[in-house]
Structure formats: C-alpha cells, structure tokens
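The primary structure of each chain is shown beneath.
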Amino acid sequence: MFLNICLISELILSKILNMKNLFFVIFDSCRFDTYKRAKTPYINNIGAAECRYSYASWTSPSHYVYLMGLMPHISPKHVFASNVYKEEFAKWKERLGVDDLSFRSFLPHINLPTKLKQLGYKTIGRVSMPVLNQYTTMSTGFDDYKLMDNHFDFKGMVDDVSFEGNQPKFYFFNVGETHYPYMLDDLPHISGVHGVFKKMDADPVGVSDDAFFEMEQMKRLHNQQVKCVEYLDEIIGELFKKCPANTYFIITADHGELFGEDGYFGHGPVFHEKVFEVPFIEGQLPKI
C-alpha cells in the first residue's frame, strides 16, 4: 500500500514537472499593422506574427474570451463554428505538454485559470486596465491577481516573475503601454478622449462642436504605438532570460485601435476591420 502511494506520488510529480510554464501576454489595443511596423527581434524568436481577429472590439469582453481558453480567430470559411472551438481547446495539449485536454475537460467552468489550477499550476494575473480589476469576474481562477498601480508597468510585472519550487506557473499579463495614451507625456488634445471618465456621470448635452480629428496628431499617436511595441519587445527579451526552457508563450492583443481611418479614433463601440485585426504569436521559449 505504501509503495503504491509512493509510486502514484512520483507519477503525479513527474507529470507536473513535464508541464510547461505558460505566459499569456496581451498588448492592449495593439492592432496588427502596428505590430508589423515595429522591430521585434526578441519576440521574432518565438515565431512570425499572424493576423488574427478579435472576438470583440473592447477590452473586457475580449479578455473574457481569452480567459475561457480561446484565442483570436482566423475567420475560416466552410466550417462549423463548433469544430473550430473544439480544435482550439485541443491545442492546449501541445501548449502545456498535457495529454487528453479537450473542450469537454474544460467543462463546466470553461475558464482557463481554473483548469490550470486543477492541473497543478500556480495562476498569476497582472492587469493594467481598471476594467479588469480584481473585483471583476476576470480574476476567477487566479491564485494571485491584481491591478497594477501604474498604467505603464510591464517591467514591474516582469521584475516580479519567479519560478521558485516545482509547481508550474501560469502568468497572465494585460499590458497597458500600447493603450492610449501610449506612454506620451505631452499628449495632443483630442476632444472626447481627455477626461472622458471624469465626465461619465454628467448629463448628455449633445455632440461637441470641437474639431475631433487632426490627422497629423493621429499619425503621431500611431507612430508612438509602434515605438511602444518596440519598448515591450526589449522587456520580453529580459523576461526570456528569467524563464526555464520549458516555457510557452502566447503574445497577442485584445483588439486593435483606430487612428482617424474613416473618421474613427480608438476602439469600443466601433465596427471597423482595424479594430478587430490583432497580431498573434505563440511558441516555445527560444534559445537566444
């Protein structure tokens, strides 16, 4: 009996040690063509970016889908949606190094952090957007989840990464540097954006007569988002140095952003292809 218990314990420990650490990093609001313009030598070691499509044009619903275990989709034709979802959940076997994972094994919660906890992972979430704070349902299934004090603190997230002990780790990072105001101190004035939350409770008074778009300002903001991606790539390089060899990365965005195209700025209550196009990169930790 004692020998059987020891054998079972060894098998469980062996299974846990063979599971991959997982980083799921979301560059908030980073549209696909922004990412393609940026120089990303560190992330390129994982793989080339695909153009995929977000399920939503706003932060909260998009993150909810990701925390179900789904990725941005590729918009395939002549297929049943149910088959696409089944195939997506089955991919977690390869990502994690765990056998027999399928959509059925995610039931009834359909929640990625919860499933990873069941498999033996320590689950850690760090977010930059207040709409994802620890009092929302986004924190479901996490052992350790918090809203960062600073909107632009991916470096702080990476500094806190630790791999002490044998327990595999799942880190979920929502990164704010690519979200408006894109790390700019001297922002161009854009009516309807500055102070939007301060005026949320005010009674509606009609549409402002202020000029909304100046395309030179829009161009500057777009260029700054590109620079933010390059800044994040450098920090990803620092993260690589901290990670064990059996670490798997998923890097994507929750939605895109509009910089004056067809009269739009930002994201949210917007239907435009650029707000749904996102980069998607995944792969094993590279040897660099």
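Small disclaimer: the values here were computed from a predicted structure and weren't measured.

(A) The pairing of strand 9 (residues 277–284), seen in detail. The buried fraction of strand 9 amounts to 6 of the 8 residues, a majority that puts the element mostly inside the structure. Here strand 2 (residues 50–53) runs beside strand 9; their pairing, made up of 4 bridges, is antiparallel. Residue pairing in the sheet places Cys51 in a bridge with Pro279 of strand 9.

(B) Focus on the environment of Thr247. With respect to the secondary-structure elements, Thr247 resides in strand 6 (residues 247–252). Sequence spacing of Thr247 and Asn21 is 226 residues, and the spatial spacing of their C-alpha atoms is 4.5 Å.

(C) Focus on helix 7 (residues 112–119). Helix 7 sits mainly inside the fold: 6 of its 8 residues count as buried. Listed as buried for helix 7 are Leu112, Pro113, Thr114, Lys115, Leu116 and Leu119. Once helix 7 ends, the next one or two residues include Gly120, with phi positive near 110 degrees.

(D) Highlighting the environment of Ser128. In this structure, Ser128 sits in the loop between strand 3 (122–127) and strand 4 (144–147). Ser128 gets classed as buried once you look at its relative accessible area, which sits at 4%. Sequence separation between Ser128 and Val175 is 47 residues; the distance between their C-alpha atoms is 5.7 Å. For Ser128, the residues in contact, after removing those within four places along its chain, are Leu147, His151, Met157, Asn174, Val175 and Gly176. Among the polar contacts listed, one links the side chain of Ser128 to the backbone nitrogen of Gly176, at a separation of 3.1 Å.

(E) Expanded view of the state of the cysteines. Going through the model one piece at a time under the given rule, you end up with 0 disulfides. In this model Cys30 remains outside any disulfide bridge; the closest cysteine sulfur is found in Cys228, 9.3 Å from its own. Here Cys30 falls in the buried class, since its relative accessible area comes to 0%.

(F) The arrangement of the pattern of salt bridges in detail. Counted by the stated rule, this structure contains 11 salt bridges. Across the salt bridge formed by Glu50 and Arg52, the nearest N and O atoms sit 3.3 Å from each other. Arg52 sits in the buried class, given a relative accessible area of 6%. In this structure, Arg126 engages Asp144 in a salt bridge whose closest nitrogen and oxygen atoms are separated by 2.9 Å. Of this pair, Arg126 sits in strand 3 while Asp144 is found in strand 4, placing the two residues 18 residues apart along the sequence. Salt bridges sharing common partners tie together Arg31, Asp33, Glu261, Lys274 and Glu277.

(G) View of the sheet that holds strand 5 (residues 169–175). Reading across from one edge, 2-9-6-1-5-3-4 is the order of the 7 strands in this open sheet, with mixed pairing throughout. Across the chains shown, the open sheet's two edge strands, defined by having one partner strand only, are strand 2 and strand 4. Between one strand and the next, the sheet's axes are offset by a mean angle of 15 degrees, whatever the strand orientation. The pairing of strand 3 with strand 5 spans 5 bridges and is parallel. Residue pairing for strand 5: Thr123 is matched across the bridge by Phe170.

Criteria and cut-off values
- Residues numbered from 1 in each chain as written.
- Predicted model: local features only at pLDDT ≥ 70, side-chain atom pairs only at ≥ 80, totals over all residues.
- Heavy atoms only, no water.
- Buried < 20%, exposed > 50% of the residue type's maximum accessible area, 1.4 Å probe, protein only.
- Helix = DSSP H or I, 4+ residues; strand = E, 2+ residues; numbered from the N terminus.
- Pairing = 2+ DSSP bridges.
- Contact = heavy atoms within 4.5 Å.
- Polar contact = N/O pair within 3.5 Å; in protein donor to acceptor, adjacent residues only side chain to side chain.
- Disulfide = S-S within 2.5 Å.
- Salt bridge = Lys/Arg side-chain N within 4 Å of Asp/Glu carboxyl O.
- Axes fitted to C-alpha atoms, helices over the stretch in contact; angles between N-to-C directions.

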